[in-house]
Every structure is written in structure tokens, then in C-alpha cells.
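Topology and contacts: notes
As a plain string of letters, each chain reads:
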Amino acid sequence: MSRPLSARRFAALLSALVAGAAVLAAPSATAAAPDLATTVRATMLQQHGDAVKRQWDTQTLREPLFEPTRTSGAWVFGSTTIPMAHGQEHGAPHMALFLARKERSAWRVELDGTAGFAALAAQAPSGVLSDGEKRTFAANQSNRAQALAPTGLGLPWPVNVAWWMGGGPHGNSGNSRPFSSIDFNGGDGRVLSAGNGRVYKSCVVGRSALVKVVHDNGYSTTYYHMYNLTTLADGSAVRTGTYLGNIGNELPCGGSSTGAHVHFSLLRGNTHVSVNGMTIGGWTFYEGSRAYDGYAQRGSTRVSVGGKVTNYGGGGTTLPTGTVDAGPNTTVNLRSGPGLSYSVAGTVADGAVVSIACTSRGEAVEGVWGRTDLWDRLEDGKWISDGFVDTGSNEPVASAC
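Predicted model only: the values in this text are computed from it and were never measured. (Residues numbered from 1 in each chain as written. Predicted model: local features only at pLDDT ≥ 70, side-chain atom pairs only at ≥ 80, totals over all residues. Heavy atoms only, no water.)

Overview of the pairing of strand S18 (residues 301–304)
Keep this limit in mind: Here a strand pair is declared whenever DSSP counts at least two bridges between the two strands. Think of it this way: any DSSP run of H or I at least four residues long counts as a helix, any run of E at least two long counts as a strand, and we number them from the N terminus.
In the sheet, strand S17 (residues 295–298) pairs with S18 via four bridges, with the strands oriented antiparallel. Counterpart to Ala 296 in the pairing with S18 is Val 303. Where S17 hands over to S18, the hairpin turn is made up of two residues, of which Gly 299 adopts a positive phi near 60°.

Right, here's the structure in full:
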């Protein structure tokens, strides 16, 4: 269940609005260090500016966004994004997570996907990075050197469902190299995480943003043009199949789009990598002689641009997921059926990510975000009220039981 306005959620909503307003101004939490924004932007341009200019075939870039989301003492965490020019080739902006620590009179800034970021993340206080995030960043860094063509990732929609490949392998800005991105559309339009990891948003404007999932296996994936984004907070754990948003034509950070779709990209850290020869969702993708051409191969079956590709998954659970929110409590009771009249069958911890096998209407319960009669049956057959599960949607995210 997603989070409607309520007194309990006002503080969290206000925090999200402040993060979104960072596109225009830095939060007051960093006012004591006015040079941080300058340092973050300079680091982004130093590490990626020349490459992005080549990829986008431009001599000038828009100023990188500075979007801090968490502060604790001398530490700040957030994202920085180089926006695309409006009307630029189909593609997506270039984004990186940053971690900063004030050292004497200067800021040390590290971007994700680097050894420096992983080292600094290990030292960060819990108010800036959770233990789970630290583990994800450490695993992503250590597994990067071992990343293989079978990525272990699925495609960003339900398993055993086919979507259209509207645009074959292409650059993050059309013709730019590497060809790291593929455009997809179809089904109910609900975009799901391609694998387990942690979710982050950057360039938050209105109902849209650039969404990134950092995976344990050394890869990251990004998703652009979506709306009705997941309500999960930045840094939340996601699994294969967690709802991220709906396909659309949104341009929160520039670019262009024709026909609702998701621009799906493969990265190592914050660097785009070619999908040529990579296996995702059970298919190996190959680029063509030009951007947006190419095909997907599975055994003797070949699907060209304009054809339908079935997602065969990539390992791990393929069920839709949600994050348990126990409110002021530490656990939520599980039931033997869809109602409080059923016996207690166990408990699940606040913050746990659960896989939802199916859903049913049952006894109405006053949950964390309001009253609902929707119940989710978990993989082990136990039930939990959807009022205590953040799925990113107010509607059922799994089929009826």
C-alpha cells in the first residue's frame, strides 16, 4: 500500500519535498558549508564531464544538480545529476550518488562506483548510511571485477510476461557510446526492479525522477521516463519484482520521448556499460549497425526491434515485493488467513522486504497509512495486512489468491 497524506507521514513527506526542491536550492542543513555544492558539482564534472560531452555530442553541459538527502554532523549523502538539454536525443541524464565528509576546512567528496566511495561508506555514521546500504555498496564494489555477461538480472516487468522492445541497444543519449540502454513498453506499464538491491531517486521533479537501483552483483540499473514512482524511501531494500513506477514520457531532467516507455540502462557504479553480448532476463542482447537497431537472442529464437520479449528472470525471487512498516512497533503479526479473526502465525520485523505470492480482500484493518481490506499472502502461506506493507501502490501488486 502506498502512503497517502496523514499526520504520521507529514514529516516524511516534508523531507521528500525538501529533497525535490534541491533542484532549485540546497537544503538549509548544508548552509553552514556553502562550498559543498560547488565541490560535488566539480567532482562530477571532473570524473564524467568530458565523457558526457562526447556521448551527447555537445561542448557545453548544464550545471549538475546538487541533491543532498541526509546529513549527520560532518557527513552528507545524496545525488548529483548532469541534466540533458530539453529536446536532446532520446536518452537519460547522467547521475551519481555522492558521499561527503568535512575534513578540517574542506570537503572530501566521493562518487559511487569508486573504491573511494566504498571506503568512505564503510566509515559513515548510521544517520547517513544504514548498515544494509553499507553492505550493498561493499558487495557492489567487490563484485564489480567479477561481473559476467550473464548479469543475473531480469527484465523490468513480471516474469513470463512479454513486452515490446521499442528501441534496441542504444546510447544513454541516442547514438552515444556505449550502447548501454534499451527501450521497453507493454503489459500494464508497471516497471519492476530488475534485481535485488537498493533504490534511489535523483532529479526529482513533480511526479517523476531518474530511478537507480544499486545491485549487490556489481551492476546498477537506471529507469527513466516513469511517473507514479514508488513511495519507498531512498536506500530502501528492493528485490527482483519490486514496483518502481509506470512507463511514460516524463522528462524531469531533460531529453525527449515519443511513446510511453521505460529507458532501461545497465551500469557499473555510475558508468554506463554496453549491453552488447549481455544476458538479461534470459535473453542475450546484441547491437545493430546503428543505435536503436539490434536484437535479442535466446537459443534459436531471435527477436528484433518491434518484437515482443518475454522476461524469463535472472535469479532470485521474481514475486512482487513490499517493505514492512510497523509504525511505532518493531514487528507486525502474521495471520493464518486474511483477517484479524485468524490465528497469529508469526511475526515479521519492521523494515523487512517480503515477497507477495497473491492478494485477497478480507477484514478491513486500520493500517499505518489508513484503512484497507487488502491482504497479502507471503511465500510461506502466511498473511499480512497491506496496511503495513509499502508496495509503492494502493492497488494489489500480485494476482488474486
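And the narrative resumes.
Section: the nonpolar core
Counted only if it meets this: Only buried residues count toward a nonpolar core, which is a set of Ala, Val, Leu, Ile, Met, Phe, Trp, Tyr and Cys residues joined through side-chain atoms within 4.5 Å. We call a residue buried when its accessible area falls under 20% of the maximum for its residue type, exposed when it is over 50%, and partly exposed in between, using a 1.4 Å probe and counting protein chains only. When checking whether two residues touch, look at their non-hydrogen atoms; a contact exists if any pair is within 4.5 Å.
In this structure, Leu 155, Phe 184, Tyr 223, Met 226, Val 262 and Phe 285 are the most contacted members of the largest nonpolar core, which totals 33 residues. Among the secondary structure elements, those contributing two or more residues to this core are strand S5 (162–170), strand S6 (181–185), strand S9 (208–215), strand S13 (262–268), strand S15 (278–280) and strand S16 (283–286). Other than its neighbours up to four places away in sequence, Leu 155 contacts Phe 184, Ile 280, Gly 281, Trp 283, Phe 285, Val 309, Thr 310 and Asn 311.

Observations concerning the packing of helix H3 (residues 115–123) against helix H4 (residues 131–143)
Just so we agree on the cut-off: The angle between two axes is taken between their N-to-C directions and runs from 0 to 180 degrees, where each axis is a line fitted to C-alpha atoms and a helix contributes only its stretch in contact. Orientation is classified from the angle alone, with under 35 degrees giving roughly parallel, over 145 giving roughly antiparallel, 65 to 115 giving roughly perpendicular, and any other angle giving oblique. What makes a crossing left-handed is the near helix being turned counterclockwise from the far one by less than a right angle; a clockwise turn instead makes it right-handed.
Look at H3 against H4: their axes get within 9 Å of each other, and the N-to-C directions meet at 150°. Relative to H4, the element H3 lies roughly antiparallel. Handedness of the crossing formed by H3 with H4: left-handed. Where H3 abuts H4, its residues Ala 115, Phe 117, Ala 118, Ala 121 and Ala 122 lie against Lys 134, Phe 137 and Gln 141.

Things to note about unusual backbone geometry
For residues other than glycine, phi is negative in most cases, and the peptide bonds are mostly trans. In this model, Arg 104 sits at a positive phi of 60°, which is unusual for a non-glycine residue. Along the chain, Arg 104 turns up in the loop between strand S3 (94–103) and strand S4 (106–111). What makes Arg 104 exposed here is its relative accessible area of 87%. Residues other than glycine seldom take positive phi values, yet Tyr 292 does so here, at roughly 75°. Here Tyr 292 is to be found in the loop between S16 and S17.

A short note on the pattern of salt bridges
As a reminder of what qualifies: Salt bridges are defined as contacts in which a side-chain nitrogen from Lys or Arg sits within 4 Å of a carboxyl oxygen from Asp or Glu.
For the structure shown, the criterion picks out 10 salt bridges. Its salt-bridge partner being Arg 41, residue Glu 63 comes within 3.8 Å of it at the nearest N-O pair. In this pair, Glu 63 is assigned in the loop between helix H2 (35–56) and strand S1 (65–72) and Arg 41 in helix H2, connecting sequence segments 22 residues apart. Accessibility expressed as a relative area gives 21% for Arg 41, which makes it partly exposed.

Structural notes on the side chain of His 261
For clarity, the cut-off: Any pair of nitrogen or oxygen atoms within 3.5 Å is treated as a polar contact; in protein, a donor-acceptor pairing is required on top of that, and neighbouring residues in sequence qualify only through side-chain atoms on both sides.
Its place among the elements puts His 261 in the loop between strand S12 (243–246) and S13. By relative accessible area, His 261 is classed as buried at 6%. A polar atom in the side chain of His 261 sits 2.8 Å from the backbone oxygen of Gly 259. Ignoring sequence-local partners within four residues, the contact set of His 261 consists of Asp 183, Phe 184, Asn 185, Tyr 224, His 225, Ile 247 and Gly 248.

With respect to the packing of aromatic side chains
This is how it is decided: The rule is short: rings of Phe, Tyr and Trp, with Trp giving its six-membered ring, pair when the centres are within 6.5 Å, and they are stacked under 30 degrees, edge-to-face over 60, tilted in between.
On inspection of all chains with the given rule, the structure shows 11 aromatic pairs. Their ring planes at 85° and their centres at 5.0 Å tell us that Phe 117 and Phe 137 sit as a pair that is edge-to-face. Of this pair, Phe 117 sits in helix H3 while Phe 137 sits in helix H4, and the two are 20 residues apart along the sequence. Residue classification places Phe 137 among the buried residues on the basis of a relative accessible area of 5%. Plain terms: the ring middles of Tyr 223 and Phe 264 are 5.6 Å apart, the flat faces sit at 55° to each other, and that makes the pair tilted. Taken together, the residues Tyr 223 in strand S10 (residues 220–224) and Phe 264 in strand S13 connect sequence positions 41 residues apart. Of the two residues examined, Tyr 223 and Phe 264, each falls in the buried class.

Overview of the state of the cysteines
A covalent bond bridging the sulfur atoms of two cysteines is what the word disulfide describes. Heads up, the condition is: Pairs of cysteine sulfur atoms within 2.5 Å are identified as disulfides in what follows.
Tallied over the entire structure, the rule returns two disulfides. There is a disulfide in this structure between Cys 203 and Cys 253, and the S-S distance comes to 2.2 Å. On the sign convention where negative means left-handed, the S-S torsion of about 100° between Cys 203 and Cys 253 marks this disulfide as right-handed. Separated by 50 residues along the polypeptide, Cys 203 in strand S8 (residues 197–205) and Cys 253 in the loop between S12 and S13 bring together distant segments of the chain. You'll find Cys 203 and Cys 253 in the same group, each marked buried.

What to know about the sheet that holds S15
In spatial order, the strands read S15-S16-S17-S18; together these four strands make up an open sheet with antiparallel pairing. Unpaired on one side and paired on the other, S15 and S18 mark the two borders of the sheet. Adjacent strand axes in the sheet meet at a mean angle of 30° when their direction is disregarded. By the bridge criterion, three bridges tie S15 to S16 in an arrangement that is antiparallel. Note on S16: the bridge partner recorded for Ile 280 is Trp 283.

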